[in-house]
Amino acid sequence: MKGVLALDDGGHLAYETIGNGPPLLLVSGLGGLASFWGDFAKACAEHFTVVMHDHRGTGASSRCDRAYSIASMADDVAALSRHLGLERPAYVGHSTGGAIGQHLAATGALDFRALVLSATFARPCAYFRRLFTSRLQVLEAMGLEAYREQATLLLYPPYWLAEHEVGAGRSNGSSHVLDAEITRRRIEAVMAHDALDRLPQIQCPTLVIVAADDIVPPPYHSLQLADALPKAEVVVLPRGGHYVVHTESDAYRRDVLTFLQRHT
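Residues numbered from 1 in each chain as written. Predicted model: local features only at pLDDT ≥ 70, side-chain atom pairs only at ≥ 80, totals over all residues. Heavy atoms only, no water.

Chemist: I tried to follow the pattern of salt bridges on my own but got confused; where do I start?
Modeler: Note that side chains of opposite charge can pair when their charged atoms are close. With the rule as written, the count across this model stands at 14 salt bridges. Here R88 and D111 are joined by a salt bridge, their closest N and O atoms 3.2 Å apart. One end of the pair, R88, is in the loop between α2 (70-84) and β5 (90-94); the other, D111, is in the loop between α3 (96-107) and β6 (115-118), and 23 residues separate them in sequence. Residue classification places R88 among the partly exposed positions, given a relative accessible area of 35%. Each of E181, R184, R185 and E188 takes part in one network of salt bridges that share partners. (Salt bridge = Lys/Arg side-chain N within 4 Å of Asp/Glu carboxyl O. Helix = DSSP H or I, 4+ residues; strand = E, 2+ residues; numbered from the N terminus. Buried < 20%, exposed > 50% of the residue type's maximum accessible area, 1.4 Å probe, protein only.)

Okay, here's the thing in structure tokens:
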């Protein structure tokens, strides 16, 4: 079922629900699209009522003309959860979606039954800041086409790109056309995220999952997350890059669903 949530400030969120069972929020990364989840969402829908949305400024949701922040993106997720009457949902957040999940759980904005932090980070390190500064420089100096090409090389591992064609505009998992200004502001929001000192406040069972060859961000960020979380489990998949959800889909689905079913 597809729907549109009118937000208090005049914006709107496009969302979709599929499946039956306990509620499960899937929140995508920098690209912001519900379609990122693809076959993984369908697998989850065999066990859960899956809720996905296009972040503001992406897909079918309204353009975001206010300042972006992880907190503002989290507010939209909380509003969607309240609108749908979700009671203690489970949550899977990939990359930026993982940062959003940290904020929601640490502030108590949502009470999660279980939390999955996928290929994400709690505090930018010097490497992380340098990488995302480079992405901004490519976007501003060379434009969207060069930005998408750089993103493809960062998000997918070399062994996968050697055997699969990723067409123009698909680095975010969709043919959706990127908006340069929105992309710039979303990157700046990601670079400003810092929840490390608040992680001990997250008391729900948490799975931290990452691929060993992820460079956006590298696995040591996931280990830092797990060290700071009171109830964390860690899975480091042997390979898969940042988009391990797609590149090693069977292994990713197995480990995430096993965790979610155990805690729901």
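Still more to cover.
Chemist: Explain the packing of aromatic side chains here, please?
Modeler: We describe a pair of aromatic rings using the distance from one ring centre to the other and the angle between the two ring planes. Inspection of the entire model under this criterion finds nine aromatic pairs. On the numbers, 5.1 Å between centres and 80 degrees between planes, the contact of F36 with W37 is edge-to-face. W37 carries the same exposure label as F36, and that label is buried. Seen from their ring centres, Y91 and F112 are 4.9 Å apart, and the 40 degrees between their planes marks the pair as tilted. One end of the pair, Y91, is in strand β5; the other, F112, is in the loop between α3 and β6, and 21 residues separate them in sequence. (Phe/Tyr/Trp six-rings, centres within 6.5 Å; stacked < 30°, edge-to-face > 60°.)

Chemist: Looking at this structure, I do not really get a nonpolar patch on the surface. What am I missing?
Modeler: Residues Y127, I215 and Y220 make up a contiguous nonpolar surface patch of roughly 280 Å² in combined accessible area. When you line up the elements, I215 lands in the loop between β7 (206-211) and α8 (219-228). What makes I215 partly exposed here is its relative accessible area of 35%. (Patch = residues over 30% accessible without salt bridge, like charges linked within 9 Å, V, L, I, M, F, W, Y side chains within 5 Å. Areas by Shrake-Rupley, 256 points an atom, 1.4 Å probe, with all protein chains shown as cover.)

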